[in-house]
Amino acid sequence: MDEFIEKIQHLKGIMLGVSLSALILAPLAIIISLYLATHPKFLLLIEQEGDFGILLMITVVVILVTSAIWFVAGLRQFKSLSKWNNRYYNYLKKKEQLDQSISSQYDLDKE
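Residues numbered from 1 in each chain as written. Predicted model: local features only at pLDDT ≥ 70, side-chain atom pairs only at ≥ 80, totals over all residues. Heavy atoms only, no water.

1. A short note on the environment of Ala 22
Logical step 1: Within the secondary structure, Ala 22 sits in helix H1 (residues 2-38).
Logical step 2: The spatial distance from the C-alpha of Ala 22 to the C-alpha of Gly 74 is 5.2 Å, given a sequence separation of 52 residues. (Helix = DSSP H or I, 4+ residues; strand = E, 2+ residues; numbered from the N terminus.)

2. Overview of the packing of H1 against helix H3 (residues 51-105)
Logical step 1: Closest axis-to-axis distance for the H1/H3 pair is 7 Å, and the angle between their directions is 150°. On the basis of their axis angle, the class for H1 and H3 is roughly antiparallel. Between H1 and H3 the crossing geometry is left-handed.
Logical step 2: Split by residue class, the contact of H1 with H3 holds 27 nonpolar, eight polar and three charged. (Axes fitted to C-alpha atoms, helices over the stretch in contact; angles between N-to-C directions. Parallel < 35°, antiparallel > 145°, perpendicular 65-115°, else oblique. Left-handed = near helix turned anticlockwise from the far one by under 90°. Nonpolar A, V, L, I, M, F, W, Y, C, P; charged D, E, K, R; others polar.)

3. Describing the packing of helix H2 (residues 40-49) against H3
Logical step 1: Viewed as axis vectors pointing N to C, H2 and H3 meet at an angle of 135°, and their least axial separation amounts to 5 Å. By the criterion of interaxial angle, the relationship of H2 to H3 is oblique. Across the interface between the two elements, Phe 42, Leu 45, Ile 46 and Glu 49 of H2 pack against Asp 51, Phe 52, Gly 53, Leu 56, Met 57 and Val 60 of H3.
Logical step 2: When its residues are assigned to classes, the contact of H2 with H3 shows seven nonpolar, one polar and two charged. (Contact = heavy atoms within 4.5 Å.)

4. Considering the side chain of Ser 33
Logical step 1: Along the chain, Ser 33 turns up in helix H1.
Logical step 2: Only 2.9 Å separates the side chain of Ser 33 from the backbone oxygen of Ala 29, close enough to count as a polar contact.
Logical step 3: Beyond its immediate stretch of four places on either side in the chain, Ser 33 contacts Val 60, Ile 63 and Leu 64. (Polar contact = N/O pair within 3.5 Å; in protein donor to acceptor, adjacent residues only side chain to side chain.)

5. As for the side chain of Lys 12
Logical step 1: As for its placement among the helices and strands, Lys 12 is situated in helix H1.
Logical step 2: Since its relative accessible area comes to 14%, Lys 12 is described here as buried.
Logical step 3: The contact partners of Lys 12, leaving out residues within four places of it in the chain, are Leu 81, Trp 84 and Asn 85. (Buried < 20%, exposed > 50% of the residue type's maximum accessible area, 1.4 Å probe, protein only.)

See below:
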């Protein structure tokens, strides 16, 4: 059981990196996309280029929606990992207390 929990702890570190990248990169993508979408020259480009302009605008909207979803998923994952971390440390404390209790009960700590 302890090996399983330690493997989960290792995966938690990887997932923490993924959630932090979502919390950093998604807002950056949203800011850049909003800047482009509201820039006057971008709006002129969309009007002048016809089909390409429409495709470009659709791409910006897709980036905005995807980044927003990615950001929310990153927040949820980060909260979940924080809760897991608290429960894991509580588990370790209780395990240590139980080990000490058993050791003292059976005089195992005198060796």
